[in-house]
Amino acid sequence: MLTELSNYYQKQGILSLDFGCQHLQACRNGNNRFAEAKAAFVGSEYEKGTLPRLLFASLDPGRSDSDPNQRTVNAVRLQEERDCVVEALPKARHWYRTHELACILLKKIKPHLQMQDSHLYFAHVNSVKCCENNEDHKSGSRVLFKNCQKYIGGEISILKPDILVTQGQMAREAIEESFNTTGPSKDNDACSHAWPVIGGKKALWFHTYHPRNFGKFNRQRRDCFDDWAGLVYETFRGWRCEKL
């Protein structure tokens, strides 16, 4: 999976070690903090398919290393699996909440799963591949989202998720546009879900507010996450007997 993903990035001109995106100058726009494309994070157990494949699609990287060697698929995995200490992360931050939700969704299938280990079982892609490295992880310019949207469909098709979680409206729009589909209902039901065809097969899709949208995200966290975990268990309960 990692090799296929790297080959896709290279073909599209967005491999960190061989970057040739036609939109670079328009997206950089004179920003000397700008970092070129960063690969998706793909947990080692996600790649193996040990549990149902849980994929998070979020916004842009809040921070990205200037060294392209640190932005490859292998380097991103190594850094995350070796260095991430979840309990040390600020609880209000996106990455802590991502681990938390992953653990909630998968724990009924793997009861002894700890939040610290949850990243082994999920993958994470950004709707924007490059990074403006704005202060306080401020979201990137809209032009980056527009220019990167064409890369999302191929990337996610390679990752073949069983469960998809979009984090923030721009991530939702990227999936809807890439796969010509409609996401979970937005009509007074923040706990809804959808079953689009993603990467050639149906995936269970939940949409969350981005964790930085504290009020709405926390209400959704309180009202929806446990129900979603129950749906994941009912949908994939056979996994426990067949895979674990």
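Residues numbered from 1 in each chain as written. Predicted model: local features only at pLDDT ≥ 70, side-chain atom pairs only at ≥ 80, totals over all residues. Heavy atoms only, no water.

**Brief notes about the pattern of salt bridges**
Applying the stated criterion across every chain, the model contains twelve salt bridges. Close ionic contact of Arg221 with Glu100 constitutes a salt bridge, the shortest N to O distance being 2.8 Å. Linking Arg221 in helix H8 (residues 214-236) with Glu100 in helix H5 (residues 94-106), this pair joins segments that are 121 residues apart in sequence. The partner of Lys129 in a salt bridge is Glu155, with the nearest N and O atoms 2.4 Å apart. Of this pair, Lys129 sits in the loop between strand S5 (122-126) and helix H6 (142-159) while Glu155 sits in helix H6, and the two are 26 residues apart along the sequence. Residue Lys129 is classed as buried on the basis of its relative accessible area of 3%. The class for Glu155 is buried, based on a relative accessible area of 0%. (Salt bridge = Lys/Arg side-chain N within 4 Å of Asp/Glu carboxyl O. Helix = DSSP H or I, 4+ residues; strand = E, 2+ residues; numbered from the N terminus. Buried < 20%, exposed > 50% of the residue type's maximum accessible area, 1.4 Å probe, protein only.)

**What about H6?**
Between its first and last C-alpha, H6 extends 25 Å over 18 residues, near the 26 Å set by a 1.5 Å rise per residue. Of all the bends in H6, the greatest, near 45°, is centred on Gln149. Residues Leu144, Phe145, Asn147, Cys148, Tyr151, Ile152, Gly153, Glu155, Ile156, Ile158 and Leu159 constitute the buried set of H6. At the C-terminal side of H6, Lys160 shows a positive phi close to 50°. (Expected span 1.5 Å × (residues − 1). Bend = angle between axes of the 7 residues up to and from the residue.)

**A short note on the confidence of the model for the protein**
Here the protein averages 91 in pLDDT, and 96% of its residues register 70 or above. Within the protein, the element-level pLDDT minimum falls on helix H9 (residues 238-243), averaging 56, and the maximum on strand S3 (residues 41-42), averaging 98. (pLDDT = per-residue confidence, 0-100.)

**Remarks on the sheet that holds strand S10 (residues 204-208)**
Sheets are built from strands that pair by backbone hydrogen bonding, the pairs being arranged parallel or antiparallel. Taken together, six strands build an open sheet; the order of strands is S3-S5-S4-S6-S10-S7 and the sheet is mixed. Two strands lie at the open edges of the sheet, namely S3 and strand S7 (193-194), each paired on one side alone. Across five bridges, strand S4 (residues 54-58) lies against S5 in parallel orientation. Each residue of the ladder has a partner; that of Leu55, found in S5, is Ala123. (Pairing = 2+ DSSP bridges.)

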